[in-house]
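# Summary of structural features
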Amino acid sequence: MKRIPSALAIALLLGVATACTPAPSAPASSATVPATPASTSAPPSSSQPAPTPSGQPTASVASSTPADATPTEAPTSEPSVTPDAIPPLSEAQLAAGLVDVRTAIPDAVIDLRYATTNNFTGVQLYPADARCLVHDSAVAGLQTAAQQLRDAGLLLVFWDCYRPHEAQVQMFEVVPDPAWVASPKPHATSHEAARSVDVTLALAQPAECATEPIQGYCQLDVGTGFDEFTARAHADATEGLTQEQLANRSTLRQALEAGGLTIYSGEWWHFDTADSHVARPHLNVPVN
């Protein structure tokens, strides 16, 4: 896929000026989700390959912008945290080539689910102060994706980044099914090598959300939550998904692919660097 058309930003801003539904007052239920499988083949599924949606990304949110207004430029968001407020990485993390995503993408929304109990294990696997860490080889691609989305009035939301080996072991103990959870190996790939990310999208401008907000930002509707063990989670699923949901998934995918990352066929939210499959020694560094 190629870059998103420049008209996307305008289409998005016009689309969000629709009638809103109140945001849900209760938190979303904990999703039962797969951790990233080690291979790039998806679990068996009855879903059909998804055609590239022609719709533009939309979300049912309120907006103060008149429906007939034509913005001259895409809205910009304030950084979630200023780079100088981010604690420096440890010597071990730096030696492993890790980068805190917030220093590379200041407006990234960090929502690390495994640092909470809101994940398929029901257990907090990371410390509460866990960082979203990626290998420096992934940074340029993520910045390209973030800029393309930023131009369209969207933000990247990060659900998972570097995953310590101990966490992968715990995940497999809960769901010992390699079709959904990668079995722990004596080497590191994907998340354990800090070369994969789990991401979704949110609107850059605050609004009243019809979907569950993340830190005040409205998520786009992509049809499933994070780590869902269903066929609808597959990257090319179409069954049971609306055109809006398919269009939003396509927008995310196009942006990440513009940065050189590739989607894992079993999960619409999981993207890898070109060398994520290469077996490497375990990093053995903390996630915080």
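Below: a short report on this structure. Note that the structure is predicted; figures quoted are calculated from it, not measured. (Residues numbered from 1 in each chain as written. Predicted model: local features only at pLDDT ≥ 70, side-chain atom pairs only at ≥ 80, totals over all residues. Heavy atoms only, no water.)

### A word on the sheet that holds strand β2 (residues 109–110)
Ordered in space as β2-β4-β5-β9-β8, the 5 strands form an open sheet in which the pairing is mixed. This sheet does not close on itself; its edge strands, each paired only once, are β2 and β8 (262–263). Sheet topology note: the β8/strand β9 (residues 270–272) ladder contains 2 bridges and is antiparallel. Paired with Thr262 across the bridge in β9 is Asp272. Taken strand by strand, helix α4 (residues 139–151) contacts β4 (154–160) and β5 (196–203), and its axis lies near 140° from that of β4. Sheet strands in contact with helix α6 (residues 243–258) are β4, β5, β8 and β9, and its direction is about 125° off that of β5. (Pairing = 2+ DSSP bridges. Helix = DSSP H or I, 4+ residues; strand = E, 2+ residues; numbered from the N terminus. Contact = heavy atoms within 4.5 Å. Axes fitted to C-alpha atoms, helices over the stretch in contact; angles between N-to-C directions.)

### Section: the nonpolar core
The biggest cluster of nonpolar side chains holds 67 residues, and the ones touching the most others in it are Leu142, Leu156, Phe158 and Leu256. Residues in contact with Leu256, not counting those within four places in the same chain, are Leu142, Ala145, Leu156, Val199, Leu261 and Phe271. (Core = buried A, V, L, I, M, F, W, Y, C linked by side-chain atoms within 4.5 Å. Buried < 20%, exposed > 50% of the residue type's maximum accessible area, 1.4 Å probe, protein only.)

### Focus: the packing of aromatic side chains
When we look at a pair of aromatic rings, we describe it by the centre distance and by the angle of the planes. With the rule as written, the count across this model stands at 9 aromatic pairs. Through a chain of ring-to-ring contacts, the aromatic side chains of Tyr114, Phe120, Tyr126, Trp159, Trp180, Phe226, Phe229, Trp268 and Trp269 assemble into a single cluster. (Phe/Tyr/Trp six-rings, centres within 6.5 Å; stacked < 30°, edge-to-face > 60°.)

### Comments concerning helix α5 (residues 165–174)
All of the buried residues along α5 are Ala167, Gln168, Met171 and Phe172. Looking straight down α5, one finds its buried side chains confined to an arc of 135°; they lie on one side. (Arc of directions from axis to C-beta.)

### Remarks on the side chain of Glu228
By the secondary structure assignment, Glu228 is in the loop between β7 (217–218) and α6. The class of Glu228 is buried, set by a relative accessible area of 16%. Only 2.7 Å separates the side chain of Glu228 from the side chain of Thr230, close enough to count as a polar contact. (Polar contact = N/O pair within 3.5 Å; in protein donor to acceptor, adjacent residues only side chain to side chain.)

### Focus: the pairing of β5
The buried fraction of β5 amounts to 8 of the 8 residues, a majority that puts the element mostly inside the structure. Residues of β5 alternate between two faces, with Ser196, Asp198, Thr200 and Ala202 on one and Val197, Val199, Leu201 and Leu203 on the opposite face, all of them buried. Note that β4 and β5 share 6 bridges and pair antiparallel. Bridging from a neighbouring strand, Val157 pairs with Thr200 of β5. Taken together, the 3 bridges between β5 and β9 define a ladder with antiparallel strand orientation. Bridging across to β9, Asp198 finds its partner in His270.

### Quick word on the pattern of salt bridges
This model, assessed by the stated rule, comprises 11 salt bridges. For Arg163, the salt bridge goes to Asp160, with nearest N and O atoms at 2.8 Å. The exposure class assigned to Arg163 is buried, which follows from its relative accessible area of 0%. Measuring nitrogen to oxygen at the nearest pair gives 2.9 Å for the salt bridge that ties Arg253 to Asp236. With Arg253 in helix α6 and Asp236 in the loop between β7 and α6, this residue pair connects regions lying 17 residues apart in the sequence. Judged by relative accessible area, Arg253 falls into the buried class, the value being 18%. Taken together, the salt bridges that share partners define one network made up of Asp100, Arg102 and Arg131. (Salt bridge = Lys/Arg side-chain N within 4 Å of Asp/Glu carboxyl O.)

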